[in-house]
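Letter by letter, the chains look like this.
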Amino acid sequence: MGFDVGKVELHCEKNNTAHKTNDISVNRLIVRRGQSFLVTFELHGPSRPTTDFLELKVETGPQPSEALGTRSVFGLPEGCGKGSSWKSKVHQGSVFLAGSITLDITSPADAPVGEYRLSVKTSATASVGSSLGKLLLLFNPWCKEDWVHLPEEEERQEYVMREQGLVYKGSDKYISSMAWNFGQFEDDIVDICLKLLDVNPKCLSDPAKDFSARCNPIYVSRVVSAMINANDDRGVLMGRWDGRYDGGMSPTYWNGSVEVLRRWLKNGSNPVKYGQCWVFAAVMCTVLRCLGIPCRVVSNFQSAHDTDKNLTIDYFFSAYGVRPKQSPDSVWNYHVWVEAWMRRPDLSAGSLYDGWQVVDPTPQEKSTDVYCCGPAPVKAILQGHVDLKYDVPFVFAEVNADRVTWMVFADGSKKNIFTDSVSVGQNISTKAVGSDKRVDITANYKHAEGAEKERAVYNQAVKRVNIPEENSNGIHNGKPGVSMKIVELTKPVSGKDIDLKLVLNSNDSETRTLVINVNVQAMRYTGIPSSQIQTELKELKLLPNQDLTIPIHIPFSVYGEKMPESNSIKVSAVVTDKDKSEAVYITEKDLVPESPSLTIKAIGSELQYSDMTAEVVFENPLSEGLRNCFITVTGSGLLTETMEARMPLLKQGQQLRVKMPFTPYRPGPKKLVAGFNCDQFRDIKASCNVYIKPVTGVVPPLRR
């Protein structure tokens, strides 16, 4: 005999709250795997749960099957569906006399994530069951059996639940942060994330196999890495690094992932234009956190891009000081990727490679014929175990490649003049747990530069990727006859001239006649020159044991027009001994000019629903007018939409002071953010903190 079932209650709000998915929705069932949830059946008649029949079925994807883990049948009496991966038992709170029965249903901790169809049969002879609706199943960092289990609750709150974060940019000497809204719990984002999985090429070619493989966070993270970029699939973002953003938005426009993902869906799964590394990484962080995989955004400064997989970055200089573009290798001022937390039983029977894994959605190099990267165990990178999957050699080079400098002569020959084993991989940074502090995690990736252990790991990595040592390590030159360095005389500020000096010193007894080439180039953050700024050639004598100082003056009138689409300025000096042509010396310095001052402050009582004013001030630092100026002001909980003020021309020395009224509508700590743009300057930003005190018994005014 079967249960006489009437109404069915899925307890969406109660279940979702218990599974920490109520921030997504309380109107649909969203649960995490390996953790029980409740379903109540109202009964029309008496029941005997030890004998009466009630069969539940869950299915996901096309052609579901028990063998693939995409179908499971289970129910009452207990033992029904013996061998099923999903389990059910009568909940202790069931009240049979009141005519209802409540089941505790538990999915396996390795069930595929995604949308399931849930149905019920109350008769063993019935051919089909009745639909109970759908449920969404996510990864579960709170479940010890789940491969993404994260032990510390404080870290789960940061790496799964937190919807805002910081992304670090700039250079190793000029690190700055920008706020980012991940927004993984906006109610439509989970559906967009599942859509992203459904249109990935592996799913399109073999959907049954793909849905089954979604049990594995290693597989899912790799698919997401490929699908965030649009290079070889219907991915979310199209990358562009040449400064031309026609038909889309500059990568610096984005402040959060939600608008990017929604545009992708609205565009019919066609890519959003445009992204660069921090946008790719931040959007991937949103998708992984939404699916339940703990993750964080990580920035690596002086990040190597090793195209030929020899763990070295080759730089070529000509005798006149300019870098020819023969080498596809480069060192980026910074590069941003994601670390995702998961076990790696595919690599070790123990926990040797469990924990943080690098997954990088920026399309740099192909991995098994697809533009994706990772998951690469951070522990394997630290130990130089570059023969492990996925893409460990590439990430190892990003943080620990050697930089080999070559001099290219007129006849095409080249000479290795210096190998730098220290500068790549600096200040690897991520946001702290529970605060906005920057945490340096470089020690997770490599041993201290200069330590014997660091060189031993590097040499082991070289052997593991089967590179002949004489072709990979270069020549570590001894103490040169001439030492040289570039020194800042003033702090570089955009809008002002830059003054430096080149200091040379000879440590021997000879007077040297030196040919000195000083070259200045505007650089993109990817380490690629965008334009030539200036070059200077001198021939001077260097006396024994004396300093020779050469001033370097870079007028804003010369470099300013080159900078709107560039991140930094590279000053390099190539010095040759006129009497010893084989003696070549090189030094470089990267400059990131500080933006002109922009200030914002909040004026008023800082009380919820009270009128306040944001005051923004900017003064033109140039000896010419600034054209097409506009200021934007935003602030979550303070302004419901971005406010904007425009000014066609800001004259020399003129101050722009803008006051914008607003009414804060949510209490607590908030942040006002202002942006200034014009033809000469781009993306100057400022912010101020505001703490809004709550009020009670007040009718909220109309927001503006």
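Residues numbered from 1 in each chain as written. Predicted model: local features only at pLDDT ≥ 70, side-chain atom pairs only at ≥ 80, totals over all residues. Heavy atoms only, no water.

1. Describing the sheet that holds strand β1 (residues 5–9)
Next up, step 1: On the basis of which strands lie adjacent, the open sheet formed by four strands has the order β1-β3-β7-β6 and antiparallel pairing. What marks the edges here is a single partner per strand, and that holds for β1 and β6 (87–90). Sheet twist, expressed as the average angle between the axes of neighbouring strands with direction ignored, equals 30 degrees.
Next up, step 2: Across four bridges, the pairing between β6 and strand β7 (residues 100–106) is antiparallel. Counted as the bridge partner of S88 is I105 from β7. (Pairing = 2+ DSSP bridges. Helix = DSSP H or I, 4+ residues; strand = E, 2+ residues; numbered from the N terminus. Axes fitted to C-alpha atoms, helices over the stretch in contact; angles between N-to-C directions.)

2. Considering the side chain of R32
Next up, step 1: Mapped onto the elements, R32 comes out in strand β2 (residues 29–32).
Next up, step 2: Salt bridges are absent for the buried R32, whose nearest opposite-charge side chain, D146, sits at 8.0 Å.
Next up, step 3: A polar atom in the side chain of R32 sits 2.8 Å from the backbone oxygen of H19.
Next up, step 4: There is a polar contact of 3.0 Å between the side chain of R32 and the backbone oxygen of F139. (Buried < 20%, exposed > 50% of the residue type's maximum accessible area, 1.4 Å probe, protein only. Lys, Arg positive; Asp, Glu negative; His and termini not counted. Salt bridge = Lys/Arg side-chain N within 4 Å of Asp/Glu carboxyl O. Polar contact = N/O pair within 3.5 Å; in protein donor to acceptor, adjacent residues only side chain to side chain.)

3. A short note on the confidence of the model for the protein
Next up, step 1: In the predicted model, the protein carries a mean pLDDT of 88, and 91% of its residues have values of at least 70.
Next up, step 2: Contacts of residues 468–479 to residues separated by more than four positions or lying in other chains number 24 contacts, the stretch itself having pLDDT below 50. (pLDDT = per-residue confidence, 0-100. Contact = heavy atoms within 4.5 Å.)

4. Describing unusual backbone geometry
Next up, step 1: Geometrically, the link from G374 to P375 is a cis peptide bond, its omega value of 5 degrees lying close to zero.
Next up, step 2: Residue position: P375 is located in the loop between β17 (355–359) and β18 (376–377).
Next up, step 3: Note that the residue after K389, namely Y390, is joined by a cis bond; omega there is 5 degrees.
Next up, step 4: One non-glycine residue with positive phi stands out, namely D369, at about 70 degrees.
Next up, step 5: Of note, D369 is situated in the loop between β17 and β18.
Next up, step 6: With a phi close to 50 degrees, N427 is a non-glycine residue in the positive phi region.

5. Let's talk about the state of the cysteines
Next up, step 1: Inspection of the entire model under this criterion finds zero disulfides.
Next up, step 2: With no disulfide of its own, C629 lies 4.9 Å from the sulfur of C678, the closest cysteine sulfur. (Disulfide = S-S within 2.5 Å.)

6. Description of the UniProt feature "active site" (unreviewed entry) in the protein
Next up, step 1: Within this structure's numbering, the places UniProt gives as "active site" (unreviewed entry) are C277, H335 and D360. The greatest C-alpha distance among the annotated residues, which extend across 84 residues, is 9.8 Å, indicating that they converge on a single site.
Next up, step 2: Assignment of secondary structure puts C277 in helix α8 (residues 277–291).
Next up, step 3: By relative accessible area, C277 is classed as buried at 0%.
Next up, step 4: Excluding its chain neighbours within four sequence positions, the residues that come into contact with C277 are W241, W332, Y334, H335, V336, T362 and Y525.
Next up, step 5: Within the secondary structure, H335 sits in strand β16 (residues 330–342).
Next up, step 6: When its relative accessible area of 0% is taken as the criterion, H335 is described as buried. (UniProt positions renumbered as here; feature names shortened; annotations may be inferred.)

7. Notes on the pattern of salt bridges
Next up, step 1: If you walk through the whole model with that rule in mind, you get 35 salt bridges.
Next up, step 2: We note a salt bridge from R455 to D402, for which the minimum N-O separation is 2.9 Å. You can see R455 sitting in helix α12 (residues 452–464) and its partner D402 sitting in strand β19 (residues 402–408), a full 53 residues away along the chain.
Next up, step 3: What makes D402 buried here is its relative accessible area of 0%.
Next up, step 4: In this structure, E588 and R403 form a salt bridge, with 4.0 Å as the shortest nitrogen-oxygen distance. Note that E588 is positioned in strand β29 (residues 580–591) and R403 in strand β19, a separation of 185 residues in sequence.
Next up, step 5: Residue classification places E588 among the partly exposed residues on the basis of a relative accessible area of 27%.
Next up, step 6: Each of R403, K570, E588 and D590 takes part in a single network of salt bridges with overlapping partners.

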